[in-house]
Amino acid sequence: MRMKVQTEDIPAILIVDDEAMTRLQNEVICQELVARNAARTISAASIQDALRILEQTPVHVVLLDRNVGPDMDAPEQNGVSAIPEMLRIQSHLQILMRTGSKGPNDIVRAIHLGALHYILKGTDDSIVLAQIEKALSIAKIATATIGNAITSDSPDNLLAGSSSVMKKFKRELDQVAVTESAVLLTGETGTGKSLSAKAINAKRAKALGFTESPFVALNMAAIPEDLAESELFGSEKGAYTDATFKRGKMELAHNGTLFLDEIGEASLKIQAKILTAIETKTFRRLGSETDRKSNFKLVCATNRNLSEMVANKQFREDLYMRISTFAIHCPSLSERRDDIPEIVRALLPSVCQNTHVHVTFEEIPKEFFKFLQEHQIPGNIRGIERCLSWLLVLSPQTLRGRPQFDDWRPLIESKLYAEQSPVSAREMHASVTLTLLRTGKYNVVTDDFPGLVPTIDIVTKHIFQEALEKFPKRKDAAEVMGYSREHFIAKVRQFGIARKRPAKKKIKRKG
């Protein structure tokens, strides 16, 4: 007995054509899919009808006529010009352009605007059906990735990674989440401080059984000082010129979490007001004489050294003591390179949605993960997100508009290197690392460049010096470098590296 399938669970194919006979012909082609509940068809006689359907009904594939007749409301529209609007409404759509013209202009433009493929009218029905089935399979992948993006903010998915560093970090978040004390998140830009604050809020709500736990964020670096007070505490109508009634972030965060990002950018005046509010657990809206209470978990974040700012009188010591009861360091990417594949998996749904390029995690080349692990990626997690976007968008595409990851490496490298400041060859002896040698961009078109051989000698000498500093015994240093002891000593003499001898102890003579 065949189980009945709910209509809304069956992928929809939207047929857009102003000719009734053509719409019917396309429906007949799709009958095989309809018969086995693999798809259902919906028809529209105009662009406007199609857009209305897309606003109300989930659709997987659109069979779009290039010359669909214009509407009175939009006489300038045709099939090609409607593609961006369709993708705006449902970004996972796979659009198949049906055209009777073999001219390349409209075909190229349609693909450029986001259509998956084009089908010439008169093409054999079996080929058309095969194209529709391929589009359906791609649409299912796209729908799944978007679904993952929507559900990816659950407590367990906010912070990707299972390295020992991340396990320790997540344990710390769990421990501080249930306390009433403030938390200070420190670390480089792009290490996920905002995500960590959201994770604290979610873990806190789950542990304490809150049905609602608002997460309210305010970036102190993004608002002018004269607006910071009203943003934090709210305002009454008429409190200042053009002031309207407004609830502040502290009030909105009641029974939830207030996240103050870039707390180091707050002025000393605002710092004083924040301190008073968290000490008394009360605040006043601007223009009000009534004290209000708000019970919230305070989480602050910064990439600055607040201890130094306190010493330099740039940050209040009493506020620092209040917000840093539990200070947690957010690990940088260099501290957890093994987590990169998991980070990419977590980022993929949102990147697919933003770029309109939908691929599965399994399609990402393994070499891409290795590349990210071996290179210094600026921006930490944000840098990984950018590299992933470059991979999806800049990689060569097949005729069907799908990325093919055959020659992606030069594209990513060129983007990364273009953003790095040139390294003068004369400066290389001062600080050179293997990472710099792999990823550095060397400025050779200047008078500073001494030539290739001298440059190699500079680098080699530096490595020999480091080997001798780490392994004072030449035998041990030679073994690490892969040289025989004699060859190693010859190189040391060639570069004029002085041997550091231990200081002789002075012997006291008797008498």
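To start, this report covers the structure provided alongside it. (Residues numbered from 1 in each chain as written. Predicted model: local features only at pLDDT ≥ 70, side-chain atom pairs only at ≥ 80, totals over all residues. Heavy atoms only, no water.)

**So, the environment of A160**
In this fold, A160 is placed in the loop between α6 (125-151) and α7 (164-177). According to the relative accessible area criterion, A160 is buried, its value standing at 18%. Between the alpha carbons of A160 and I343 there is a distance of 5.3 Å; along the sequence they are 183 residues apart. Other than its neighbours up to four places away in sequence, A160 contacts M166, K170, R336, E342, I343 and A346. (Helix = DSSP H or I, 4+ residues; strand = E, 2+ residues; numbered from the N terminus. Buried < 20%, exposed > 50% of the residue type's maximum accessible area, 1.4 Å probe, protein only. Contact = heavy atoms within 4.5 Å.)

**Observations concerning the environment of I83**
Residue placement: I83 occurs in helix α4 (residues 83-89). Residue classification places I83 among the buried positions, given a relative accessible area of 0%. With 12 residues separating them in the primary sequence, I83 and I95 have C-alpha atoms 7.8 Å apart. If we skip the residues at most four places from it in the chain, I83 touches L64, I95, M97, A110, L113, G114 and A115.

**Quick word on the sheet that holds strand β1 (residues 12-16)**
In sheet architecture, strand pairing relies on hydrogen bonds along the backbone and comes in two forms, parallel and antiparallel. Reading across from one edge, β2-β1-β3-β4-β5 is the order of the five strands in this open sheet, with parallel pairing throughout. One side of each edge strand has no neighbouring strand; the edge strands of this open sheet are β2 (40-44) and β5 (117-120). Adjacent strand axes in the sheet meet at a mean angle of 20° when their direction is disregarded. The sheet strands contacting helix α1 (residues 20-29) are β1, β2, β3 (61-65) and β4 (94-99), and the helix crosses β2 at an angle near 170°. (Pairing = 2+ DSSP bridges. Axes fitted to C-alpha atoms, helices over the stretch in contact; angles between N-to-C directions.)

**A short note on the packing of helix α14 (residues 340-355) against helix α16 (residues 381-394)**
Look at α14 against α16: their axes get within 9 Å of each other, and the N-to-C directions meet at 55°. Considering the angle they form, α14 stands oblique to α16. In this structure, α14 meets α16 at a crossing whose hand is right-handed. Counted together, I340, I343, V344, L347, L348, S350, V351, C352 and T355 of α14 and I381, I384, E385, L388, S389, L392 and V393 of α16 form the full contact between these two elements. A per-class count over the contact of α14 with α16 returns 12 nonpolar, three polar and one charged. (Parallel < 35°, antiparallel > 145°, perpendicular 65-115°, else oblique. Left-handed = near helix turned anticlockwise from the far one by under 90°. Nonpolar A, V, L, I, M, F, W, Y, C, P; charged D, E, K, R; others polar.)

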